[in-house]
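The lines below spell out each chain.
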Amino acid sequence: MNSQKINHSTQPDLPRRIAILGLGLIGGSLAKMVRHHSDIEIVGFDRKPPVLDDALSSRVLTAAGKLYPAESALVDNLDPDAQASWQLLDGCDFVFICTPASTVPDYVKAVSRFCSGVITDVSSVKQSVMEKIDSPRFIGGHPMAGSEKHGWSSATDSLLENAVYVLCPQPESTVTISEVTRLENLIVLIGASPITLDPHKHDRVVATISHLPHVAAAALALQAAQSDDGPFSKLAAGGFRDITRIASSDPRLWAGISQESARELLPILEEYIELIKAFRDDLAAGDMKALERFFFQAAQYRNSLPVDGRGALSAMSPLNVYISDHPGVLGHVTTLLGENNINISNIRISELRTYEGGCLQLLLPDSAQAVKAAWLLREAGYECD
């Protein structure tokens, strides 16, 4: 993607000023991506002063205010400090609410008192949230990208690139076609792809491809933990660690998401349980044909999925680099990749034999970067796979 900044004065179909409430992983990444690609004014709000200080000093934000609880804006006699912060919303074309789903309806009411622009959110549950919102200026939103990491420090200016960005308009919306176009243009500007979905359909799909996998990953990790009498943790590397990676996600966040998603997640959990029960019965009966069909049909569907783009789950690509036991090797590898704009999301070192080096396990954002990294490292004399 072209990283040249776009001047909003020459692009009338882009907003001039936006606000972002909550500078966590998604809100922070949204701010960094808009700043990376444009000179649009960005007003950021967060509960943590160090986050605001860093966002201002790094020039991601144009202005910043403390994020007060929504109820602080819904009283007649506002606290002067809270009022000064809320008034920063004045003149914003779009306000992105990037707080937990349960808080979105109240924040919509709070924002509406100070801003006449379009209000949207980024929560992964739409129907139960939108049913509590009566503002005709609200559009439900969900960028389908994420990570097991969280917080401003984990936000990047590439997280939403190639992601599907779902928009769910209200039935009685007063948002104009021109405003929707400007929102879609902003989404395209940061490298994502906007699509419109019915809230119910969105929730069922996301419960299946995102919320259920988080439950399954956590259950697998918990089952191993409950059975671990010593050897499990030594053997549970490689594939097990990879498929349970999302179990490292923020527990409080995912407890809230699961509760908000319960309407769609519960029936999908029942379907999943029935699949596992059927597999158990076929296994107990020694039905090889049924077992083969189970794995074959799963493989067929999985192999038919597109390899481009991002989804609700972060798709990391592992790369193993075999290194010698010499000073500076680790630094050389990381420097080589950094100089070629390859981001290392995570890194582990496994010793092969004492004094004979080890395996450097790199986790990269996507397969394209993994392929590029492998070529660069092989050219530099490293063995990798």
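Details of the structure are given in the entry above.
Worth saying up front: this structure is predicted, and the values here are computed from it rather than measured.

K.L.:
Talk me through the packing of helix H7 (residues 199-227) against helix H11 (residues 262-285); I want residue IDs and the actual numbers.
P.N.:
Running from N to C, H7 and H11 point in directions that differ by 55 degrees, and their axes come no closer than 9 Å. The angle between the axes of H7 and H11 places the two elements in the oblique class. Here H7 and H11 pass one another in a crossing that is right-handed. Between H7, through His200, Asp203, Arg204, Ala207, Thr208, His211, Leu212, Val215 and Ala216, and H11, the contact on the second element is made entirely by Glu264, Leu265, Ile268, Leu269, Glu271 and Tyr272.

K.L.:
A description of the pattern of salt bridges should follow, citing residues and the corresponding values.
P.N.:
For the coordinates displayed, the defined rule picks out eight salt bridges. The partner of Asp93 in a salt bridge is Arg182, with the nearest N and O atoms 3.6 Å apart. Remark: Arg182 occurs in helix H6 (residues 177-189) and Asp93 occurs in the loop between helix H3 (80-86) and strand S4 (94-97); sequence separation between them is 89 residues. The class of Arg182 is buried, set by a relative accessible area of 18%. With a closest N to O distance of 3.1 Å, Arg204 and Glu271 form a salt bridge. Note that Arg204 is positioned in helix H7 and Glu271 in helix H11, a separation of 67 residues in sequence. The class for Arg204 is partly exposed, based on a relative accessible area of 32%. Taking the relative accessible area as the measure of exposure, Glu271 reaches 43% and is therefore partly exposed.

K.L.:
Give me the lowdown on the sheet that holds strand S8 (residues 193-196), citing residues and values where you can.
P.N.:
Taken in spatial order, the eight strands of this open sheet run S3-S2-S1-S4-S5-S6-S7-S8, and their pairing is mixed. The sheet is open, and its two borders are formed by strand S3 (63-66) and S8, each paired with just one other strand. Put simply, the sheet's adjacent strands are angled 25 degrees from each other on average, direction ignored. Alignment of strand S2 (residues 41-46) against S3, held across four bridges, turns out to be parallel. Residue pairing across strands places Phe45 opposite Gly65, the latter belonging to S3. Across the sheet, helix H2 (residues 49-57) touches S2 and S3, and the angle it forms with S3 is around 175 degrees. Across the sheet, H6 lies against strand S1 (17-21), S4, strand S5 (118-121), strand S6 (138-143), strand S7 (164-169) and S8, angled at about 60 degrees from S4, the strand it touches most.

K.L.:
Go over the packing of aromatic side chains, please, and point to the residues and values.
P.N.:
Per the counting criterion, the structure on display carries five aromatic pairs. Measuring from centroid to centroid gives 5.2 Å for Phe294 and Phe295, while their planes differ by 90 degrees, and the two rings are edge-to-face. Relative accessible area serves as the criterion here: at 31%, Phe294 is assigned to the partly exposed category. Grouping aromatic residues by their ring pairs yields a cluster made of Trp86, Tyr107 and Phe114. Against the face of Trp152 rests Lys32, its NZ or CZ located 4.3 Å from the ring centre.

K.L.:
Mind laying out a nonpolar patch on the surface, listing which residues take part and the relevant values?
P.N.:
Together, Tyr272, Ile273 and Ile276 make up a nonpolar patch on the protein surface, roughly 240 Å² of accessible area in all. Note that Ile276 resides in helix H11.

K.L.:
I'd like a description of the packing of H11 against helix H12 (residues 288-304), backed by residues and values.
P.N.:
The N-to-C vectors of H11 and H12 enclose an angle of 145 degrees; their axes lie 8 Å apart at closest approach. Between H11 and H12, the residues in contact are Phe279, Asp282 and Leu283 and Ala290, Leu291, Phe294 and Phe295, respectively. Among the residues forming the contact of H11 with H12, the class breakdown is six nonpolar, no polar and one charged.

K.L.:
Quick one: what's the story with the nonpolar core, residue by residue and with numbers?
P.N.:
Residues Ile18, Ile20, Leu23, Val34 and Phe96 are the most contacted members of the largest nonpolar core, which totals 37 residues. Mapped by element, the contributors of at least two residues to this core are S1, helix H1 (25-37), H2, S4, S7 and H6. Looking at this core, the element that brings in the most residues is H1, giving six residues. Ignoring sequence-local partners within four residues, the contact set of Ile18 consists of Val34, Ile40, Glu41, Ile42, Val43, Cys92, Phe94, Phe96 and Leu186. One finds Ala63, Leu67, Trp86 and Val95 within the second-largest nonpolar core, a separate group that totals 33 residues.

Thresholds, definitions, all that
Residues numbered from 1 in each chain as written. Predicted model: local features only at pLDDT ≥ 70, side-chain atom pairs only at ≥ 80, totals over all residues. Heavy atoms only, no water. Axes fitted to C-alpha atoms, helices over the stretch in contact; angles between N-to-C directions. Helix = DSSP H or I, 4+ residues; strand = E, 2+ residues; numbered from the N terminus. Parallel < 35°, antiparallel > 145°, perpendicular 65-115°, else oblique. Left-handed = near helix turned anticlockwise from the far one by under 90°. Contact = heavy atoms within 4.5 Å. Salt bridge = Lys/Arg side-chain N within 4 Å of Asp/Glu carboxyl O. Buried < 20%, exposed > 50% of the residue type's maximum accessible area, 1.4 Å probe, protein only. Pairing = 2+ DSSP bridges. Phe/Tyr/Trp six-rings, centres within 6.5 Å; stacked < 30°, edge-to-face > 60°. Lys NZ or Arg CZ within 6 Å of the ring centre and 35° of its normal. Patch = residues over 30% accessible without salt bridge, like charges linked within 9 Å, V, L, I, M, F, W, Y side chains within 5 Å. Areas by Shrake-Rupley, 256 points an atom, 1.4 Å probe, with all protein chains shown as cover. Nonpolar A, V, L, I, M, F, W, Y, C, P; charged D, E, K, R; others polar. Core = buried A, V, L, I, M, F, W, Y, C linked by side-chain atoms within 4.5 Å.

In short, geometric facts, not functional conclusions.
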